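Take a look at the letters that make up each chain.
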Amino acid sequence: QVQLVESGGGLVQTGGSLRLSCAVSGRTASSYNMGWFRQAPGKEREFVAGITRSGSGTNYADSVKGRFTISRDNAKNTVDLQMNSLKPEDTAVYYCAADKGIGLSQRVSQYDYWGQGTQVTVSS
């Protein structure tokens, strides 16, 4: 029922910035806690950042704290991830995910809907 579409990925140099956006359709974005995850080749999909339904609460993976910022605009049904000071180890496919449950989860298995992903490549 819910569709998520990520955009904004690309190639950037070390230290650069990118802003990813997730468009939510089928339901209003405010129905869900939202998360950003990433998956590099040969690695498990990992949590990057999460935000509550209202946007009042956020959490981040330790690896991105101070560099990435998650935000949402429920009026526009969008969730963004601002990525600054990018490092080669940030290279991955980034996925937007929606969670209809209660609370803000960092677990892949707790999310109900996923976007198709957008590639972020950070060159050294």
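For the structure, see preceding data.
Let me begin by describing the structure that accompanies this report. Predicted model, so just to flag it, every value in this text is computed and none were measured.

The rules behind each value
Residues numbered from 1 in each chain as written. Predicted model: local features only at pLDDT ≥ 70, side-chain atom pairs only at ≥ 80, totals over all residues. Heavy atoms only, no water. Pairing = 2+ DSSP bridges. Helix = DSSP H or I, 4+ residues; strand = E, 2+ residues; numbered from the N terminus. Axes fitted to C-alpha atoms, helices over the stretch in contact; angles between N-to-C directions. Contact = heavy atoms within 4.5 Å. Polar contact = N/O pair within 3.5 Å; in protein donor to acceptor, adjacent residues only side chain to side chain. Salt bridge = Lys/Arg side-chain N within 4 Å of Asp/Glu carboxyl O. Buried < 20%, exposed > 50% of the residue type's maximum accessible area, 1.4 Å probe, protein only. Phe/Tyr/Trp six-rings, centres within 6.5 Å; stacked < 30°, edge-to-face > 60°. Lys NZ or Arg CZ within 6 Å of the ring centre and 35° of its normal.

### Some points on the sheet that holds strand E8 (residues 78-83)
Think of a sheet as strands paired side by side through backbone hydrogen bonds, with each pair either parallel or antiparallel.
Turning to step 1, where the next piece is worked out: Taken in spatial order, the four strands of this open sheet run E1-E3-E8-E7, and their pairing is antiparallel. Looking at strand neighbours, the two that pair on one side only are strand E1 (3-7) and strand E7 (68-73), the edges of this open sheet. Neighbouring strand axes in the sheet, compared pairwise and without regard to direction, differ in orientation by 15° on average.
Turning to step 2, where the next piece is worked out: Summarising the sheet, strand E3 (residues 18-25) and E8 pair through six bridges and their orientation is antiparallel. Each bridged residue has a counterpart across the sheet, and for Leu 18 the counterpart in E8 is Met 83.

### Remarks on the environment of Thr 118
Turning to step 1, where the next piece is worked out: Examined against the element boundaries, Thr 118 turns out to sit in strand E11 (residues 118-123).
Turning to step 2, where the next piece is worked out: C-alpha separation for the pair Thr 118 and Phe 47, spaced 71 residues apart in sequence, amounts to 15 Å.
Turning to step 3, where the next piece is worked out: Setting aside chain neighbours within four positions, we find Thr 118 in contact with Glu 6, Ser 7, Gly 8, Gly 9, Leu 20, Ala 92, Val 93 and Tyr 94.
Turning to step 4, where the next piece is worked out: Of the polar contacts made by the side chain of Thr 118, one reaches the backbone nitrogen of Gly 9; its length is 3.2 Å.

### Brief notes about the pattern of salt bridges
Turning to step 1, where the next piece is worked out: All told, the structure shown has five salt bridges when counted by the stated rule.
Turning to step 2, where the next piece is worked out: Between Asp 90 and Arg 38 there is a salt bridge whose closest N-O contact spans 2.9 Å. Placement of the pair is Asp 90 in the loop between E8 and strand E9 (92-99) and Arg 38 in strand E4 (residues 33-39), with a sequence separation of 52 residues. For the pair Asp 90 and Arg 38, one class covers both residues: buried.
Turning to step 3, where the next piece is worked out: Across the salt bridge formed by Asp 90 and Arg 67, the nearest N and O atoms sit 2.7 Å from each other. Here Asp 90 is found in the loop between E8 and E9, whereas its partner Arg 67 is found in the loop between strand E6 (58-60) and E7, with 23 residues between them in sequence. Here Asp 90 matches Arg 67 in class, with each residue buried.
Turning to step 4, where the next piece is worked out: Each of Arg 38, Glu 46, Arg 67 and Asp 90 takes part in a single network of salt bridges with overlapping partners.

### Observations regarding the pairing of E9
Turning to step 1, where the next piece is worked out: Of all eight residues that make up E9, seven are buried, and the element is covered over most of its length.
Turning to step 2, where the next piece is worked out: With three bridges joining them, E9 and E11 adopt antiparallel strand pairing. Directly across from Ala 92, in E11, lies its bridge partner Val 120.
Turning to step 3, where the next piece is worked out: As paired strands, E9 and strand E10 (residues 113-114) are joined by two bridges and run antiparallel to one another. Opposite Ala 97, over in E10, you have Trp 114 as the bridge partner.

### Considerations on the packing of aromatic side chains
Turning to step 1, where the next piece is worked out: One pass over the full model with this rule turns up six aromatic pairs.
Turning to step 2, where the next piece is worked out: For the ring pair Phe 37 and Phe 47, a centre distance of 5.6 Å and an interplane angle of 80° mean the geometry is edge-to-face. Of this pair, Phe 37 sits in strand E4 while Phe 47 is found in strand E5 (residues 46-51), placing the two residues 10 residues apart along the sequence. The two residues Phe 37 and Phe 47 agree in class, both being buried.
Turning to step 3, where the next piece is worked out: Here the aromatic residues Phe 37, Phe 47, Tyr 95, Tyr 111 and Trp 114 are joined through ring pairs into a cluster of three or more.
Turning to step 4, where the next piece is worked out: Directly above the ring of Trp 114 sits Arg 45, whose terminal nitrogen or CZ lies 4.9 Å from the centroid.

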